[in-house]
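Descriptive analysis of the structure
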Amino acid sequence: MDAPFIEFRDVKKAFGERSIYDGLSLSVRRGETLTIVGGSGSGKSVLLKMLIGLLKPDSGAILFDGVDVARASEEELLPVRRRISMLFQGGALFDSMSVSGNIAYPLRVQGLLGEDAIAARVGEVLSEVGLSGSEALSPDELSGGMKKRVALARAIASKPEVVLYDEPTTGLDPITTRRIVELISAIHERAKTTAIVVTHDLASAFFVSSRVAMLSERRTSMVLPVEEFRRSSDPAIREFISAMPMAEVAP
Amino acid sequence: METTYGSIRGASGKIAYVFEYAGGVFELMGRALKLVVRGKMAGAMERKAIIEQIESIAIRSLSIVVLTAIFSSMVMTVQFAVQLARFGAKEYVGNVVSLSLVRELGPVLTALMVGGRVGAGISAELGSMNVTEQIDALRSMGADPIQKLVVPRILATTLMLPLLTTLANALGVAGAMLTARLDSGVHLSYFYHSILQAVTVQDFVGGLIKTLLFGFVLSAIACYQGLITRGGTQGVGRSTTQTVVITSVVTLISDFVFTKVLLEFGM
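The text that follows walks through the structure, step by step, so that each part is easy to find. (Residues numbered from 1 in each chain as written. Chains lettered and ligands numbered in written order. Predicted model: local features only at pLDDT ≥ 70, side-chain atom pairs only at ≥ 80, totals over all residues. Heavy atoms only, no water.)

1. Brief notes about the overall build of chain A
Just so we agree on the cut-off: A run of H or I in DSSP counts as a helix once it spans at least four residues, and a run of E counts as a strand once it spans at least two, with each numbered from the N terminus. We compute the radius of gyration from the C-alpha atoms alone; for a globule the expected value is 2.2 Å times N to the 0.38, where N is the number of residues. Here's how the labels work: a residue is buried when its accessible area is under 20% of the maximum for its type, exposed when over 50%, partly exposed in between, all with a 1.4 Å probe on protein chains only. In what follows, a contact means two residues having at least one pair of non-hydrogen atoms within 4.5 Å. Per-residue and other accessible areas were derived by the Shrake-Rupley procedure at a 1.4 Å probe size, with only the shown protein chains allowed to occlude residues. Two residue types count as positive, namely Lys and Arg, and two as negative, namely Asp and Glu; His and chain ends fall outside the count. Lysine's charge is taken at NZ, arginine's at CZ, aspartate's at CG and glutamate's at CD.
Helix and strand counts for chain A stand at 10 helices and 10 strands. Relative to a compact globule of 251 residues, whose C-alpha radius of gyration would be 18 Å, chain A shows 18 Å and is just as compact. Seen along its three principal axes, the alpha-carbon backbone of chain A occupies a region of about 55 × 45 × 40 Å. Of all 251 residues assigned to chain A, the portion counted as buried reaches 53%. A fraction of 63% describes how many contacts in chain A between residues 6 or more apart in sequence connect residues 24 or more apart. Counting every atom, chain A has about 11,200 Å² of accessible surface; 52% of that belongs to carbon and sulfur. Once the 30 positive and 33 negative side-chain charges of chain A are each reduced to a mean point, those two points are 1 Å apart.

Set out below in C-alpha cells:
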C-alpha cells in the first residue's frame with residue numbers, strides 16, 4: 001500500500017490553557033478530496049494552517065510527501081508552500097490590489113512565468129470560475145460569492161498539487177454555495193489535485209468529498225467514505241448529522 | 001497582602017511586556033536590515049513596493065509637516081522676539097529660532113507628526129491585513145511578509161523623513177523670517193545673515209542624522225504593532241492608538257539619547 005501523501009501523527013496543539021488537539025492522527029491519499037467536519041471552534045482551520053506551517057503543533061509530526069512540516073524552518077517550508085494552496089475562510093484577498101493583481105501574486109512570487117504568461121493564466125482561471133472580464137475590479141467592489149470565486153481562482157492559479165479549503169461556503173446564500181461547491185468539484189475532477197476541505201456544512205461535504213473525517217474530542221474520531229459516513233451509527237456522527245436540516249443532507 | 005502581591009505581579013507583567021515588545025521590535029529591525037544587506041530588496045516586486053510606499057508616505061505627511069513647521073516657528077519667533085526685546089536683543093531672534101529649528105524642532109516635530117500620521121497608517125494597514133488573514137495568505141504563497149510588507153515601509157519612512165525635515169526646516173525658517181519682519185520689524189536681510197552666522201553645516205547634518213534614526217525606529221515600531229494586532233477591528237483600533245502613543249514617547253526619549261551621542265561627535 002502507498003504511503004499517505006499527507007499524514008498527521010499524534011499531533012497535539014494548545015493555545016494557552018485551551019487544548020485544540022490531543023493526539024490527532026489523520027492520513028490523506030494522493031488525489032482524493034477529504035472533508036473534515038466538526039462544530040465551530042473544533043480547530044478545523046488550525047489543522048489546515050499547521051499543514052502549511054502557519055502554525056506549529058506542540059508535539060507530533062505532520063508529513064507532506066515525506067517532509068515533516070512541523071519541524072521545517074520558514075526556508076524549508078518554501079518548496080512545500082509552492083505545492084500547496086489555501087483558500088481562506090474570508091477569502092483573504094489583498095485589499096491594495098485588483099482582482100488580477102491578487103491572482104497574479106502567487107505567480108509573481110514563484111517567479112517562473114513572465115508577465116505575458118501571468119496575464120494569460122489570470123484570464124484562464126478567471127474564466128474557469130466564471131468571472132471573465134473582472135480583472136480590473138478591486139476586492140471591495142465584489143460580492144461575498146465573487147470574493148470566494150476570486151480567492152478560488154488565486155488558489156488554483158499556480159497549479160498546486162494540493163488545495164486546502166477553509167469553510168469555502170460559510171456566509172454564502174444557498175445558490176452561491178451550490179455554485180462554489182460545483183466549481184470546487186469540477187476543478188478537482190479536471191486537475192486531479194488533492195484537496196482537504198474543512199467545513200461544518202455537511203451537504204457541501206457530501207457533494208465534493210471522497211471521504212469524510214469527523215473531528216470530535218480534540219482528534220478525528222472516524223474517517224469514512226461519504227456513503228458509509230452518511231449511514232454511520234457512530235453517536236458523534238449521528239448527532240452531527242441529525243443537527244443539520246434534512247434538506248441539506250438529503251442525497 | 002493579596003492586593004500588594006497582585007500589584008507586584010501586575011507591575012512585573014508590564015515590565016516583562018515592555019522587554020518582550022522591545023525585543024520584538026529589535027528583532028524586526030535586525031531581520032529588515034539583513035534583507036537589505038543581502039540584496040533581497042532589489043527585485044522588481046520589492047522596488048515597486050518601495051516606490052509605492054515612498055509616494056504614499058510623502059503625500060500622506062506633507063501637509064501636516066508643512067503646517068506644523070510653519071506655525072510652530074512663527075509662534076516661536078513671536079515669543080522669542082518679545083523676550084529678547086526686554087534685553088534689547090530683538091535682532092538676534094533669527095539666530096535663536098533657526099538654530100532651535102534646525103537642531104531640534106524640525107527633526108522632532110516632523111518625527112512626531114510622521115510617527116502619528118504615517119505610523120498609525122502603517123499599523124492600521126498591517127493590522128487589518130493580519131486580522132483578515134491577508135498576511136497568512138501571503139506566507140502561504142511562500143512570500144516573506146517582512147520582505148514584502150515591512151522593509152518597503154521602513155525604507156520609505158527612513159528615506160523620506162530627512163527630506164520632509166529639510167522641507168520643514170526651510171519653510172519654518174521662511175515663516176519665522178516673515179513673522180519677524182511683520183510682527184517685530186526685524187529686517188529680512190538681517191534675519192538672513194543671522195541664520196548664516198548661527199547655523200553651521202554640522203547643525204544641519206546632525207539634525208538630519210537624527211531623522212534617519214527616528215524614521216527607522218518609528219516605522220519598525222509601527223510595523224511591529226501591525227504584525228502583532230489581534231482581535232478584529234477593535235484590535236486594529238487599539239493598535240493604531242498604541243502606535244501613536246509609543247512612537248511619540250520613543251521619539252522624545254530617543255531624541256535625548258541621539259542628541260547626547262551626536263554632541264559627543266561634535267554635531
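2. Some points on the nonpolar core
The line we're drawing: What makes a nonpolar core is a set of buried Ala, Val, Leu, Ile, Met, Phe, Trp, Tyr and Cys residues whose side-chain atoms join them at distances within 4.5 Å.
Residues Ile6(A), Phe8(A), Ile36(A) and Leu164(A) are the most contacted members of the largest nonpolar core, which totals 80 residues. Residue contributions to this core peak at 10 residues, all from helix 5 (residues 145-184) of chain B. Once residues lying within four places of it in the same chain are set aside, the contact partners of Phe8(A) are Leu24(A), Ser25(A), Leu26(A), Leu47(A), Leu51(A), Ala61(A) and Ile62(A). In this structure, Val129(A), Val163(A), Ile187(A) and Ala195(A) belong to the second largest nonpolar core, which totals 31 residues.

3. Side note on a nonpolar patch on the surface
All names here are of chain B. Note the threshold: In this analysis, a patch consists of residues with relative accessible area above 30% that form no salt bridge, clustered at 9 Å for like charges and at 5 Å for the nonpolar side chains Val, Leu, Ile, Met, Phe, Trp and Tyr. Between Lys or Arg on one side and Asp or Glu on the other, a salt bridge is scored when a side-chain nitrogen of the former is within 4 Å of a carboxyl oxygen of the latter.
Taken together, the side chains of Val245, Val249, Ile253, Phe256, Val257, Val261 and Phe265 present a nonpolar region at the surface, about 700 Å² in accessible area. Along the chain, Phe265 turns up in the segment after helix 8 (232-264). Since its relative accessible area comes to 64%, Phe265 is described here as exposed.

4. A short note on the interface of chain A and chain B
So the rule is basically this: Values labelled buried area give the accessible surface lost by two parts on being combined, using a 1.4 Å probe and summing over both. Contacts described as polar in this section are N or O atom pairs within 3.5 Å, which, within protein, must combine one atom able to donate a hydrogen with one able to accept it, while residues neighboring in sequence count only if both atoms come from side chains.
Contacts between the two partners involve 21 residues from chain A, matched on the other side by 14 residues from chain B. Of all residues in chain A, Leu54(A), Phe94(A) and Tyr105(A) bury the most surface against chain B, accounting for 31% of the area lost on that side. Connecting chain A to chain B are three salt bridges. Between chain A and chain B we count five residue pairs in polar contact (both at pLDDT 80 or more) in total. At the level of secondary structure, the elements contributing two or more residues to the side of chain A that touches chain B comprise helix 2 (74-81) and helix 3 (99-110) of chain A. In terms of residues, the side of chain A that touches chain B owes the most to one element, helix 3 of chain A, which gives four residues.

5. What to know about the pattern of salt bridges
Charged atoms that come close allow side chains of opposite charge to pair. Residue and element names in this part refer to chain A. Scanning the model with the defined rule gives 25 salt bridges over all chains in all. The salt bridge partner of Lys192 is Glu189, with a shortest N-O separation of 4.0 Å. In this structure Glu189 comes out as exposed when scored by relative accessible area, which is 55%. Sharing partners across several salt bridges, the network here consists of Arg30, Asp65, Arg83 and Glu161.

6. So, helix 3 of chain A
Counting buried positions along helix 3 of chain A gives 10 out of 12 residues, so the element sits mostly inside the fold. When helix 3 of chain A is considered as a whole, its buried residues turn out to be Val99(A), Gly101(A), Asn102(A), Ile103(A), Ala104(A), Tyr105(A), Pro106(A), Leu107(A), Val109(A) and Gln110(A). Each element contacted by the buried residues of helix 3 of chain A is listed here: helix 4 (115-128) and helix 5 (144-157) of chain A together with helix 2 (44-85), helix 4 (134-140) and helix 5 of chain B.

7. Notes on the environment of Ala72(A)
All names here are of chain A. Secondary-structure assignment places Ala72 in the loop between strand 5 (67-68) and helix 2. Measuring from C-alpha to C-alpha, the distance between Ala72 and Asp166 comes to 23 Å, with 94 residues separating the pair along the chain. Every residue in contact with Ala72, bar those within four places of it in the chain, is listed here: Lys56 and Leu77.

8. So, the packing of helix 7 (residues 201-227) of chain B against helix 8 of chain B
Residue and element names in this part refer to chain B. Convention followed: Only the stretch in contact is used when fitting a helix axis, every axis being a line fitted to C-alpha atoms; angles between N-to-C directions are given from 0 to 180 degrees. Angles are sorted into four bins: roughly parallel if under 35 degrees, roughly antiparallel if over 145, roughly perpendicular if 65 to 115, and oblique for all others. Handedness of a crossing is defined here by the sense of rotation of the near helix relative to the far one, left-handed for an anticlockwise turn of less than a right angle and right-handed for a clockwise turn. Three classes are used: nonpolar for Ala, Val, Leu, Ile, Met, Phe, Trp, Tyr, Cys and Pro, charged for Asp, Glu, Lys and Arg, and polar for all others, with Gly counted as polar.
Helix 8 packs onto helix 7 with a crossing angle of 150° between their chain directions and a minimal axis gap of 9 Å. When the axis of helix 7 is compared with that of helix 8, the two are roughly antiparallel. Seen along the crossing, helix 7 lies across helix 8 with a hand that is right-handed. Contact with helix 7, carried on its side by Gly206, Ile209, Lys210, Leu213, Phe214, Val217, Leu218, Ile221, Ala222 and Gln225, involves Ser239, Gln242, Thr243, Ile246, Thr247, Val250, Thr251, Ser254, Asp255, Phe258, Thr259 and Leu262 of helix 8 and no other residues of that element. Counted by class, the contact of helix 7 with helix 8 contains 11 nonpolar, nine polar and two charged residues.

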